[in-house]
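# Architecture at a glance
Read off the chains here:
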Amino acid sequence: MINISGKTKIVGVIGEPVTHSRSPQMHNAAIAKLGLNFAYLPFEVKLPDLTTAIQGLKALQVVGVNVTIPHKQNVIPLLDHISTEAHLIGAVNTLVFDQDQIFGHNTDAEGFIRAMQEEAHLFDLLTGDVRAVVLGAGGAARAVVTALALNKVTEITIANRTVSKAVALVEDLEPKLLHTDLQLSTCLTSVEIQSSQLSDLIATCDLLVNTTSVGMGNTAQVDLFNLGCLSAQTIVYDIVYTPPVTPLLRAAEAKGCPIIGGLGMLVHQGAIAFEKWTGIEPNIEIMREALVKSLGLSAKQEKNK
Ligand SMILES: NC(=O)c1ccc[n+]([C@@H]2O[C@H](COP(=O)([O-])OP(=O)(O)OC[C@H]3O[C@@H](n4cnc5c(N)ncnc54)[C@H](OP(=O)(O)O)[C@@H]3O)[C@@H](O)[C@H]2O)c1
């Protein structure tokens, strides 16, 4: 139970809409568990009001906010500093207001990796020369490709229905990766999602990640992805989190592949933001429980992930 007092610090989420956001439940559960004098609130901000809203949050000494659609890119020119991940991804999902400065981060990439690290035995498989196929070229794909490149994955193929978007992602990200201090040399390529070339790549890749919205709400369109050739050695990671076990994951599991669902990424990207605002590591299980409850999933469904 959160007690509001004169000393309560405010964090929250800005977006339009924000009513669907599960972040208030997830963060307030973590705040309550730690007994912190913080409260996490949703702020609906219309696009023309973004600059005024950011100035207002700063003036009100809000500690930080998550940023969601449609502000993840538009907020960047309003910031004093942007993290390497956010620069590579080209989007910000977390702001920290600190001593008159505004810092922009993107916690999706690290959230994707931390969720994978939870399955330590799977993460350890991804050492040496690793070949990954990423399905999709939207906002989430940018975070996933960045995460994999930062973790020195050797080859990443981005497969998208609208192939021009995959080409654009490669053209934007490749030079940026080369120009970081990290001297990243991941080979990025793009391909059309239903091409025979993709089947060959899926057959031999170490990691297959779905970042398309296919499978959300159980829409059974896995046949889109040429899974016939999938090998049991390939780790299949679907970042879609409703349902926790998507049709893609079910198909991969039936082939004997190790699988990872999207709930972990959602929890961890939130936990990283929480740490940036409070300086304290939140209880991941409490956040996961709150998320599962807010999504209306049963514990059994979630455990089946
Ligand atoms: N677990 C997490 O923490 C997390 C975080 C972020 C996002 N997500 C999930 O990731 C998914 C994508 O999010 P996003 O922000 O990247 O969305 P987005 O920017 O709108 O991108 C959507 C992607 O899905 C593809 N797509 C949509 N319908 C398709 C279909 N019928 N056949 C083939 N491809 C199709 C799009 O291809 P085109 O370019 O051809 O349209 C595009 O590549 C959502 O389900 C979201 O909930 C999860």
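Structure: above.
For the structure given in this document, a descriptive report is provided here. Predicted, not measured: the structure shown is a model, and the values here were computed from it. (Residues numbered from 1 in each chain as written. Predicted model: local features only at pLDDT ≥ 70, side-chain atom pairs only at ≥ 80, totals over all residues. Heavy atoms only, no water.)

## Here we look at the sheet that holds strand β10 (residues 207-210)
- Sheet architecture is open: six strands sit in the order β9-β8-β7-β10-β11-β12, paired in parallel fashion. The open sheet is flanked by β9 (187-192) and β12 (259-260), the only strands paired with a single partner.
- As defined by bridge partners, strand β7 (residues 131-135) adjoins β10 across four bridges and the pair is classed as parallel. In the strand pairing of β10, A132 is matched with L207.
- Across the sheet, helix α7 (residues 163-178) touches β8 (155-160) and β9, and the angle it forms with β9 is around 175 degrees. (Pairing = 2+ DSSP bridges. Helix = DSSP H or I, 4+ residues; strand = E, 2+ residues; numbered from the N terminus. Contact = heavy atoms within 4.5 Å. Axes fitted to C-alpha atoms, helices over the stretch in contact; angles between N-to-C directions.)

## Describing the pattern of salt bridges
- One pass over the structure, following the stated rule, counts nine salt bridges.
- Salt-bridge contacts for D108 lead to K72; the nearest nitrogen and oxygen are separated by 3.9 Å. One end of the pair, D108, is in helix α4 (residues 108-118); the other, K72, is in the loop between β3 (64-67) and β4 (81-82), with 36 residues separating them in the sequence.
- With a relative accessible area of 15%, D108 lands in the buried category.
- In this structure, D172 and K176 form a salt bridge, with 3.5 Å as the shortest nitrogen-oxygen distance. Of this pair, D172 and K176 both sit in helix α7, four residues apart, roughly one helical turn.
- Relative accessible area serves as the criterion here: at 29%, D172 is assigned to the partly exposed category.
- A single network of salt bridges, built from pairs that share partners, joins E110, R114 and E275. (Salt bridge = Lys/Arg side-chain N within 4 Å of Asp/Glu carboxyl O. Buried < 20%, exposed > 50% of the residue type's maximum accessible area, 1.4 Å probe, protein only.)

## With respect to the layout of surface pockets
- Roughly 1,500 Å³ of internal volume is contained in the largest pocket.
- At the level of elements, α1 (23-34), β3, α6 (139-150) and α10 (263-278) are the ones that each hand at least two residues to the lining of the largest pocket.
- Here the lining of the largest pocket is composed, by residue class, of 22 nonpolar, 21 polar and seven charged.
- When residues of the lining of the largest pocket are assigned to domains, at least three map to each of domain 1 (9-107 + 265-303) and domain 2 (120-257). (1 Å grid on protein atoms, 1.4 Å probe; cavity = no way out; pocket = protein on both sides within 12 Å on 5 of 7 lines; lining within 4 Å. Points joined across faces, edges and corners; volume = space filled by probe spheres on them. Nonpolar A, V, L, I, M, F, W, Y, C, P; charged D, E, K, R; others polar. Domains from an automatic or database assignment.)

## Here we look at the sheet that holds strand β5 (residues 94-98)
- Here we have six strands laid out as an open sheet, ordered β2-β1-β3-β5-β6-β4, and mixed in their pairing. Each edge of the open sheet is held by one strand with a lone partner, namely β2 (38-44) and β4.
- Two strands pair when backbone bridges link them, and β4 and strand β6 (residues 101-105) are joined in this way by two bridges, in the parallel orientation. Note on β6: the bridge partner recorded for H81 is F103.
- Seen against the sheet, α1 touches β1 (9-15), β2 and β3 and runs at an angle of roughly 170 degrees to β2.
- On the sheet, helix α2 (residues 50-59) packs against β1, β2, β3, β5 and β6 and is oriented at approximately 45 degrees with respect to β5.

## What about α2?
- The set of residues buried in α2 consists of L50, A53, I54 and L57. Each buried residue of α2 sits inside an arc of 100 degrees when the element is viewed along its axis, so together they form one side. Away from its buried face, by an angle of more than 90 degrees, α2 presents the exposed residues T52, Q55 and A59.
- Taken together, the buried residues of α2 touch β1, β2, β3, β5 and β6.
- With its phi angle positive at about 55 degrees, Q61 sits one or two positions after the end of α2. (Arc of directions from axis to C-beta.)

## Focus on the nonpolar core
- Residues F112, L148, I156, L207 and Y237 are the most contacted members of the largest nonpolar core, which totals 39 residues.
- Top element by residues in this core is α6. It accounts for seven residues.
- No fewer than three residues from each of domain 1 (9-107 + 265-303) and domain 2 (120-257) sit in this core.
- Not counting residues up to four positions away in its chain, the partners in contact with L207 are M116, L126, R131, A132, V133, L148, T234, I235 and Y237.
- Ranked by size, the runner-up nonpolar core spans 24 residues in total, among them M26, A30, L36 and V96. (Core = buried A, V, L, I, M, F, W, Y, C linked by side-chain atoms within 4.5 Å.)

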